[in-house]
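# Structure assessment
Spelled out, the chains give:
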Amino acid sequence: MIQADSDSSRRVAYFYNRLIGKFHYGKEHPMKPKRIAMAHSLIVNFGLYRSLDVYLIREAQLEELKKFHDPEYITYLSQYMSDNKVNFVKEYCSTNNDGVIPENLLEEYRLITKWSQNKNTKNLNAEYKVGDSADNPTFSGLFSYCQFSAGASIDCAHTILTGQADIAINWSGGLHHAKKKEAAGFCYINDIVLCILELLRIYVRVLYVDIDCHHGDGVEEAFYLTNRVMTLSFHQYGDDFFPGTGQLNSVGLGVGRYYAVNVPLKPGISDGPYLDLFKKVTSRVMETFRPDCVVVQCGADSLSLDQLGALNLSIKGHGQCITYMKQFGVPLILLGGGGYTIQNVSRCWAYETGICLGQSIDEPIPTNDIYYKNYRGDFHLHFPIQENVENKNKAEDLNKIVSQVYDHLKNLENAPGIHFHDVPYSFYPNMDLENDEDNKINMDMKQEISLGELEQELGISDEANAISVNSGSRKLHSKEI
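In the annotation of an unreviewed UniProt entry, the protein chain is listed under the name Histone deacetylase and assigned to Paramecium primaurelia. Under the heading Subcellular location (unreviewed entry), UniProt records this for the protein chain: "Nucleus".

What follows concerns the pairing of strand β2 (residues 12-16). Where burial is concerned, most of β2 is hidden: five out of the five residues are buried. Along β2, one buried face is formed by Val12, Tyr14 and Tyr16 and the opposite face, lined by Ala13 and Phe15, is buried too. Both β2 and strand β4 (residues 167-170) contribute to a ladder of three bridges, which runs parallel. Bridge pairing in β4 places Val12 opposite Ile167. In terms of strand pairing, β2 meets strand β3 (residues 53-56) through four bridges, oriented parallel. Note that in β3 the partner of Tyr14 across the bridge is Val54. The handedness of the β2 to β3 crossover, carried by helix α1 (residues 34-45), is right-handed.

The next thing to look at is unusual backbone geometry. Looking along the chain, the bond that leaves Phe242 and enters Pro243 is cis, with omega of 0°. For Pro243, the position within the fold is in the loop between β6 (229-236) and β7 (260-265). Residues other than glycine seldom take positive phi values, yet Lys129 does so here, at roughly 60°. Of note, Lys129 is situated in the loop between α6 (121-128) and α7 (142-161). The exposure class assigned to Lys129 is partly exposed, which follows from its relative accessible area of 31%. Within the chain, Tyr258 stands out as a residue other than glycine whose phi angle is a positive 75°. For Tyr258, a relative accessible area of 17% puts it in the buried group.

What counts and what doesn't
Throughout this description, residue numbers start from 1 for each chain and increase along the sequence as written. pLDDT decides what is reported in this predicted model: residues at 70 or higher carry local features, side-chain atom pairs at 80 or more are listed and counted, and totals for whole chains, interfaces and linings draw on all residues regardless. Based on all heavy atoms of the structure, the side-chain values leave hydrogens and waters out of the count. UniProt positions are given in the numbering used here, feature names are shortened, and annotations may be inferred rather than shown by experiment. Each residue is placed in one exposure class: buried if its accessible area under a 1.4 Å probe, protein chains only, is under 20% of its type's maximum, exposed if it is over 50%, and partly exposed if it falls in between. Here a helix means four or more residues in a row that DSSP labels H or I, a strand means two or more in a row labelled E, and each is numbered from the N terminus. Pairing between two strands requires that DSSP report at least two bridges joining them. The crossover handedness rule: strands pointing away from the viewer, path from first strand over the helix to second strand clockwise, crossover right-handed.

Right under this line is the structure:
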């Protein structure tokens, strides 16, 4: 049954592109973009999309990615070719009997020849951590995958800034480990940092909340020296658990001192103590920092039964974190993240999409869902958490964490006054001034999309008239009123 709560009036922007689920890290790799397509399928089949403003994700441009990432790293990623592809094309061309390079491979052959002649390639692989370990493999379409993820997160910020949405969702985002010029933890481009930088153009203060099982180290590092962004991460810590950062005393430096908040947890924590801790910490953070916008990384590897994480949250417990942040009434952006038992990830993100809409879902997986067989064994949206799992977090230890966080926050002035002297450059045109040329471009980019095209893009079967769309990440569907 889907039940609507009393707060279902907020406009929710939802970003998706069917190509996202087609990328593949490799058969043995735990990161499966397919989980995003599975979540989307549930969102469609539960009928949630009817209440969403649905946008087709675009690819972020190179100049946008360079707003945070090192230009040489971005150039490297955009031109990168795996050894497999290099060898395939070279072998194909060398064994071609008539010696003619097919037209469709000609440009690739030129690029690969140039690439293979670059003596620094191996050194760059090691420097940028791309393809040099099982964690960060190369795969077909790697850079496009990064562009989609980043493009949607940047546009989430844009819909919030322009008042087109109160809540924005990009389940293909949340890649929180990527550094300025280095891949890490399955992440190559840090879409979260790019999203926050766009928000900082207008907003004075942005709060980042991370409920992934792993520490949000890439985001914390990016904003470690500023008091305009507070990073708050709840994560498993200790016993060499990746990435090994995020201890309680990691609080930021310089003017950013005490603007990094870390809540390190031991394995086995369940809904009750986790939510009690979450509410105590976030309520004090919201009271002290008073952000203009909150960005939440909703990594689902903190759920019970995850392949990599050892926390023990239920979908409803994980979702209550979103419910709690939503009740502050501050603009909210939800991004994906980790999650390696993919059928539980899709369940969780579909459920949390419903929460954003004020709709609580608690019913079986629709039998017409194309991924229905992936839920075999328990065809319900909610699954039982692990029984007899030891919660290694003692109550007194959790209380000490809260006390220490409170002590850190006492060092901050409430809603710090910040000089607005350093406004990050935006990819978007001036949002305050529109000239005739801007209007002409906007009009040229508007179009009508037929139901057939909509079905092709989103996999939706519905009787409707042509739907108006606009530029940027194309708007495919508007909330039904």
